[in-house]
Amino acid sequence: MKREEVFNFSAGPSVLPRQALERAAAEMLNYNGSGMSVMEMSHRSAFFQEIFDSAKAKLKKALAVPDSHEILFLQGGASAQFSMVPLNLMEGGGADYAVTGHFANIAMKEAKKYGAVHVAADTLGGEQAYIPRQEELDLSDGAKYFYYCANNTIYGTAWNYVPRTAAPLVCDMSSEILSRPVDVAKFGVIFAGAQKNMAPAGLTVVIIDKALAGREAPYTPLVMSYKTMIEKDSMYNTPPCWCIYMLGLTLDWLESQGGVAGMEAIKHEKAAILYDIIDNSRLYKPSARREDRSDMNVTFRTGDADLDAAFAKEAQARGLMNLKGHRAVGGIRASLYNAQPMEGVQALAAYMKEFEAKHHV
Ligand SMILES: *Cc1c(COP(=O)(O)O)cnc(C)c1O
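Quick caveat, the model's predicted, so the values are computed rather than measured. (Residues numbered from 1 in each chain as written. Predicted model: local features only at pLDDT ≥ 70, side-chain atom pairs only at ≥ 80, totals over all residues. Heavy atoms only, no water.)

### Topic: the packing of helix α2 (residues 46-62) against helix α6 (residues 241-256)
Test applied: With axes taken as lines fitted to C-alpha atoms, and helix axes fitted only over the stretch in contact, angles between N-to-C directions fall between 0 and 180 degrees. Counting from the N terminus, the helices are DSSP H or I runs at least four residues long and the strands are E runs at least two residues long. Angle categories: roughly parallel below 35 degrees, roughly antiparallel above 145, roughly perpendicular from 65 to 115, and oblique for all the rest. The hand of a helix crossing depends on one turn: near helix anticlockwise from the far one by less than a right angle means left-handed, and clockwise means right-handed. We call two residues contacting when some pair of their heavy atoms lies within 4.5 Å. The nonpolar class holds Ala, Val, Leu, Ile, Met, Phe, Trp, Tyr, Cys and Pro. Asp, Glu, Lys and Arg form the charged class, and all remaining residues, Gly among them, are polar.
With their axes 9 Å apart at the nearest point, α2 and α6 run at an angle of 45° to one another. In terms of orientation, α2 lies oblique with respect to α6. As α2 packs across α6, the resulting crossing turns out to be left-handed. Facing F48, I51, F52, A55, K58, L59, K61 and A62 of α2, the residues of α6 in contact are C241, I244, Y245, L247, G248, L251, D252, L254 and E255. Looking at the contact of α2 with α6 residue by residue, the classes come out as twelve nonpolar, one polar and four charged.

Here's what the structure looks like:
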């Protein structure tokens, strides 16, 4: 298939802006007159330092990151943060975890290795996926931090509020970062694997309140110490150079589309097209509670696993790729990250109607 014939609904790694890929292709063999590819240059070179500094500055601007917070470019994926967070922040105490999805559950279990974990909410196992209300959160006294996942990629739910807690907020924003404005000052740590909404896999963005650094457990590996990484400006060891470069190109595209505010304006419109079909359908059922639905990952099912599989398979044949739900929950999932064009959503909407007409008379 030609690229023009495909819309990619993968949950991650996922679609990147065409403009960023074209720039990368044009600069692939010779970056900016350096005579080499970004993939080949020293991370200590002036060429790369400029790439690094500008990507960081663009991200700082896009998310209005205050000077109290540091941006780190790390490796290990979002999953490494499941360990890095408790290693650095839990010393001598415990933490509250809201378990609203697959990854928050893994993070909670990982944290148990390092200290006392209190489950402040657990919404798994119900008929429909949902997000707890503020008053449903069971907060413990003296927690070192409160952990939650802003957008549950697999379940298709999103927190539409920032929880109020005495403890610093730690938030996994992997699948929604850069899709809506965030008041960064409210958070102790924000982290996100880049492969959902920012760049290729291999980069993890961490935004941390500098006041929280330096409290790590004594056995914390150096590469997992926020303090070390802040002091070395993410270059204690070789950073994921290519991904940082790609992040810079994605952020240029983002800026040309009106920045994070521009993304927020369109994301709800995109998701609403699909939710409208689901809500008016006799075939499709939403997997998430209405008021907690994610604009990034739209999840639904027919109620028949074979029909769900047929939906994804027939879609593939017409260039609508990666619509199969995560193996943990089944069903159907359409990921509508920033770089998913409106045409992709419209093509999927047309297909959904056709499929329903064919399979539900
Ligand atoms: C994909 C994802 C992860 C896992 O990311 P890795 O980079 O594979 O470790 C964690 N949290 C959320 C919300 C995700 O969407």
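### Digging into unusual backbone geometry
Across the junction of G12 and P13, the peptide omega takes the value -10°, indicating a cis bond. Its place among the elements puts P13 in the loop between β1 (7-8) and α1 (18-26). We note that A64 has phi near 50°; this positive angle belongs to a residue other than glycine. Looking at the element boundaries, A64 is found in the loop between α2 and β2 (69-74). Backbone geometry places D233, a non-glycine residue, at a positive phi of 50°.

### With respect to the side chain of S83
Along the polypeptide, S83 turns up in helix α3 (residues 77-89). In contact with S83, not counting residues within four places along its chain, are E110, Y114 and M224.

### Digging into the site of the ligand
This is how the line gets drawn: For this purpose, a residue is taken to be near a molecule or strand whenever a single non-hydrogen atom of the residue falls within 4 Å of it. Polar contact is defined as a pair of N or O atoms within 3.5 Å, subject to the rule that within protein one atom must be able to donate a hydrogen and the other to accept it, and that residues adjacent in sequence are counted only when both atoms are side-chain atoms. Shrake-Rupley sampling with a 1.4 Å probe provides the accessible areas, and residues are treated as covered by the protein chains on show and by no other component.
Lining the immediate environment of the ligand, one finds 13 residues, of which S79, T153, D172, Q195 and K196 sit closest. Side-chain polar atom of T153 to an oxygen atom of the ligand: 2.4 Å apart, as the coordinates give it. K196 places a polar side-chain atom, nitrogen or oxygen, 2.5 Å from an oxygen atom of the ligand. When the ligand is considered free in solution it has 390 Å² of accessible area, and contact with the protein chains removes 85% of it. A total of four residues in the shell around the ligand trace back to one element, the largest contributor, which is α3. Across the shell around the ligand, the residue classes tally to four nonpolar, seven polar and two charged.

### Brief notes about the domain arrangement of the chain
As a reminder of what qualifies: Domain boundaries shown here were taken from an automatic or database domain assignment. Here the quantity called buried area is the accessible surface, traced with a 1.4 Å probe, that two parts lose on coming together, added over both.
Under the domain assignment used here, the chain contains domain 1 (21-255) and domain 2 (258-359). On a C-alpha basis, the centroid separation for the pair domain 1 and domain 2 is 26 Å. A buried area of about 2,200 Å², summed over both sides, lies between domain 1 and domain 2, and 52% of it is on carbon and sulfur atoms. Summed over the three residues of domain 1 that lose the most area to domain 2, namely Q128, I154 and S179, the buried surface amounts to 22% of that side.

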